[in-house]
Amino acid sequence: MAEKKFSKNILCIGAGYVGGPTMAVIAAKCPHYKVTIVDINAEKIRQWQTDDLPIYEPGLLDIVKQARGRNLFFSTEIETNITDADIIFVSVNTPTKNFGEGAGKSADLQYWEKTARTILKASKSDKIIVEKSTLPVRTASAMERIVNSNDSGVHFEVVSNPEFLAEGTAIMDLEQPDRVLIGSRETDSGRKARQEIVDIYANWVPRERIITSNIWSSELSKLVANAFLAQRISSINSISALCEKTEADISEVAYAIGMDSRIGSKFLNASVGFGGSCFKKDILNLVYIAESYGLREVAEYWENVIKINEYQENRFVRKMIAAMFNTIAGKRIALFGFAFKADTGDTREAPAITVTRKLVEEHAQVVITDPQALPNAKKDLEDILDRVEFEPDPYKAALGTHALGILTEWDIYRTLDYRRIYDNMIKPAFIFDGRNILDHDKLFEIGFNVYPIGKPAQSHI
Ligand code: NAD
Ligand code: UGA
């Protein structure tokens, strides 16, 4: 018999923002494992096999190239790969349910359940199933019931290993994570499976950063981590509104409170609002779970984090309208940035979507520019494409506009020649810095009327 080339056969179901980078890093760090990623989306799998990857993420292509064809493979053959795998990470999408019971709040687990059934159908030997997707607490018990409902003698051990990477810094987050969390049943077979997953990460993550817990704590910790992060942004954003009324400066307040080591300085940038595929979805999920256990006060507490975010997005547009003499109808406005944050082309739940739609409702002419997100922006605004323009070059986007709105904190927007931009705008020219990334005094000197977040406006009018 030929010698076994790889010591473990790892499969990941779901080749998206999490499955792709996570498995690429495992493959790059562990040449002794075979890592295969499968997806039902054949086009995505095709793209993963080229240098034009389906997602933009700094450093990702280098990592993929290190391992692709050596021990990292992409495929649409889901069932055969399940049959061959020892460990199966499931990283499919778990969006908010938009129909039936729990619509608008609970997680839509249809992709998740389909995967469980496919695993059951294609397995001929024992497997460890790893929950990589973000899931409601206690999902593992449903997963166990589905997969262990077989009479073939095959045993499945379900382990939770939530992912904490942030887009734009995914590779760094995966290579040097603050922590890796692995939860399992506290049984002999549960602990053994958990140890197998610990062993994978121990190839490059210091052992003290790999933490283990019971499976429910692990599932819940992921939702809670996102809720706490989003809560910080809503907290600082709520105070930004107060700063604008009182001449306090949100950056100075954030700096002053962040110096307290109990509060800490990270994640205190006031903004037009948080976006991304997960914060809102995961908080809604938490709210739904709390409600379903009859914990109304807990649900309401977390729901307010989302309400403040919506308030902040709406407040940004209201400020634009008020500053521009209470009408923006027919006015040309350039939005700098459409991605939900810098260094990604992802636009899921981006504040730019809400802002654009509201400006269009007010009959403004909106021009959108972004270095990576224009293809996704076009999909998000599919129904109003005749009312918005897309222009990759920010200088061209700003030509003949009355106002600029900074919606994504891309570095390139910090260093543009704003005098040149100002000279080509209609006067009075306005700038609404939804990320507080620009030099506001300098912009004011150039002639702009400047409206930051949580800082006094500077107006010539
Ligand atoms: P994604 O939409 O980018 O990728 C999910 C992939 O799963 C898609 O390519 C889809 O085609 C595939 N898929 C769906 N059903 C399938 C099936 N039955 N068989 C095979 N493939 C299937 O989603 P994502 O952003 O990677 O998120 C995945 C999970 O990870 C979610 O639960 C999310 O909450 C969580 N998460 C995301 C991030 C992030 O930064 N995006 C970070 C941490 C956790
Ligand atoms: C977030 C978490 O940071 C990850 O740990 C988590 O794994 C991930 O969600 C997930 O579960 O999907 P991500 O959404 O990719 O990651 O990006 P973040 O850096 O958290 O930013 C989220 C949003 O908050 C962005 O719109 C960002 O611009 C905004 N933000 C962030 C602020 O407005 N202010 C800040 O101080 C920080």
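In this text the structure is predicted, and so the values were computed from the model without any measurement. (Residues numbered from 1 in each chain as written. Chains lettered and ligands numbered in written order. Predicted model: local features only at pLDDT ≥ 70, side-chain atom pairs only at ≥ 80, totals over all residues.)

Enquirer: How should I be thinking about the overall build of the chain in this particular structure?
Expert: Counting its secondary structure elements, the chain contains 17 helices and 14 strands. For the chain, the spread of C-alpha atoms along the three principal axes comes to 80 × 50 × 45 Å. Within the chain, the fraction of its 461 residues that count as buried is 46%. Across the chain, every contact between residues at least 6 apart in sequence was considered, and the portion connecting residues at least 24 apart equals 73%. (Helix = DSSP H or I, 4+ residues; strand = E, 2+ residues; numbered from the N terminus. Buried ≥ 20, exposed ≤ 12 C-beta atoms within 10 Å, placed from the backbone. Contact = placed C-beta atoms within 7 Å.)

Enquirer: How should I be thinking about the site of ligand 2 in this particular structure?
Expert: Residues in close proximity to ligand 2 total 21 residues, the closest being Asn269, Ser271, Phe274, Gly276 and Cys278. Counting residues per element, the shell around ligand 2 draws most heavily on helix α9 (residues 215-246), which supplies three residues. Along the lines of polarity and charge, the residues of the shell around ligand 2 split into 11 nonpolar, seven polar and three charged. Among the domains, domain 1 (8-205) and domain 2 (215-461) are the pair contributing at least three residues each to the shell around ligand 2. (Near = placed C-beta within 6 Å. Nonpolar A, V, L, I, M, F, W, Y, C, P; charged D, E, K, R; others polar. Domains from an automatic or database assignment.)

Enquirer: Looking at this model, I keep getting lost on the site of ligand 1. Mind explaining?
Expert: Residues in contact with ligand 1 amount to 27 residues; listed here are only the nearest, Gly14, Gly16, Tyr17, Ser133 and Thr134. Broken down by element, the residue count for the shell around ligand 1 peaks at three residues, all from helix α5 (residues 110-122). Grouping the constituent residues of the shell around ligand 1 by class yields 11 nonpolar, 11 polar and five charged.

Enquirer: Would you explain the packing of α9 against helix α11 (residues 279-292) in this entry?
Expert: Between two packed helices, both the angle of their axes relative to each other and the distance between the axes serve to describe the pair. Following both chains from N to C, one finds α9 and α11 inclined at 115°, their axes separated by 9 Å at the closest point. When you trace α9 past α11, the crossing you get is left-handed. Together, Leu223, Asn226, Ala227 and Ala230 of α9 and Phe279, Asp282, Ile283, Asn285 and Leu286 of α11 make up the contact between the two elements. Grouping the constituent residues of the contact of α9 with α11 by class yields six nonpolar, two polar and one charged. (Axes fitted to C-alpha atoms, helices over the stretch in contact; angles between N-to-C directions. Left-handed = near helix turned anticlockwise from the far one by under 90°.)

Enquirer: What is the right way to look at the packing of α11 against helix α12 (residues 296-323) in this model?
Expert: Interaxial distance between α11 and α12 falls to 8 Å at its minimum, and their mutual angle equals 165°. Between α11 and α12, the interaxial angle falls into the category roughly antiparallel. Where α11 crosses over α12, the two elements pack in a sense that is left-handed. Between α11 and α12, the residues in contact are Lys280, Ile283, Leu286, Val287, Ala290 and Glu291 and Arg296, Val298, Ala299, Trp302, Glu303, Val305 and Ile306, respectively. Taken together, the residues that form the contact of α11 with α12 break down as nine nonpolar, no polar and four charged. (Parallel < 35°, antiparallel > 145°, perpendicular 65-115°, else oblique.)

Enquirer: I would appreciate a short explanation of the domain arrangement of the chain in the present structure.
Expert: Split into domains, the chain comes out as domain 1 (8-205) and domain 2 (215-461). The C-alpha-based centres of domain 1 and domain 2 are spaced at 32 Å. Facing 28 residues of domain 1, the contacting portion of domain 2 comprises 25 residues. Ranked by residue count, the leading element in the side of domain 1 that touches domain 2 is strand β7 (residues 180-184), at four residues. Residues that form the side of domain 1 that touches domain 2 fall into these classes: 14 nonpolar, nine polar and five charged.

Enquirer: It is not clear to me how the environment of glutamate 131 should be interpreted in this structure. Could you clarify?
Expert: Within the element layout of this structure, glutamate 131 appears in strand β5 (residues 127-131). Using a count of 25 C-beta atoms within 10 Å as the deciding quantity, one classes glutamate 131 as buried. Residues contacting glutamate 131, with those up to four places away along its chain left out, are Val90, Thr139, Ala140, Val158, Ser160 and Asn161.

Enquirer: Looking at this structure, I do not really get the nonpolar core. What am I missing?
Expert: Within soluble globular proteins, side chains that are nonpolar generally end up buried alongside one another. In this structure, Leu335, Phe338 and Ile431 are the most contacted members of the largest nonpolar core, which totals 68 residues. Excluding residues within four positions of it along the chain, leucine 335 makes contact with Ala352, Val355, Thr356, Val366, Ile368, Gly405 and Leu407. Counting 56 residues, the second-largest nonpolar core is a separate cluster that includes Ile10, Ala15, Ala28 and Val158. (Core = buried A, V, L, I, M, F, W, Y, C linked by C-beta atoms within 7 Å.)

Enquirer: Before we go on, may I ask you to explain unusual backbone geometry in this structure?
Expert: Phi is mostly negative for residues that are not glycine, and the peptide bonds are mostly trans. Residues lysine 427 and proline 428 are joined by a peptide bond in cis, for which omega reads -5°. With respect to the element layout, proline 428 can be found in the loop between α16 (418-423) and β13 (430-433). Of note in the backbone geometry, asparagine 326 takes a positive phi value of approximately 65° without being a glycine. Mapped onto the elements, asparagine 326 comes out in the loop between α12 and β9 (332-336). You can call asparagine 326 exposed: it has 7 C-beta atoms within 10 Å. You will see that aspartate 343, though not glycine, has its phi angle at about 65°, which is positive. Relative to the helices and strands, aspartate 343 is located in the loop between β9 and α13 (351-361).

Enquirer: What's the story with the sheet that holds β13 in this structure? I'm lost.
Expert: To summarise the sheet geometry, strands pair through backbone hydrogen bonds and adopt either a parallel or an antiparallel arrangement. Across the sheet, which stays open at both edges, the six strands sit in the order β11-β10-β9-β12-β13-β14 with parallel pairing between neighbours. Strands at the two margins of the open sheet, each flanked by one partner only, are β11 (388-390) and β14 (449-451). Along the sheet, successive strands turn relative to each other by an average axial angle of 20°, direction set aside. With three bridges joining them, β13 and β14 adopt parallel strand pairing. Paired with phenylalanine 432 across the strands is tyrosine 451, a residue of β14. (Pairing = 2+ DSSP bridges.)

Enquirer: Explain the pairing of strand β4 (residues 87-90) to me, please; I cannot follow it from the model alone.
Expert: One face of the sheet, then the other: side chains in a regular strand alternate in exactly this way. Alternating residues of β4 divide into Ile87 and Phe89 and Ile88 and Val90, and every residue in both groups is buried. Two elements, strand β1 (residues 8-13) and β4, share four bridges in a ladder whose sense is parallel. Across the sheet, cysteine 12 pairs through a bridge with phenylalanine 89, a residue of β4. Note: β4 against β5, four bridges, orientation parallel. The residue bridging isoleucine 87 from the neighbouring strand is isoleucine 128, located in β5. This β-α-β element, β4 to α5 to β5, shows right-handed connectivity. (Right-handed = clockwise from strand over helix to strand, strands pointing away.)

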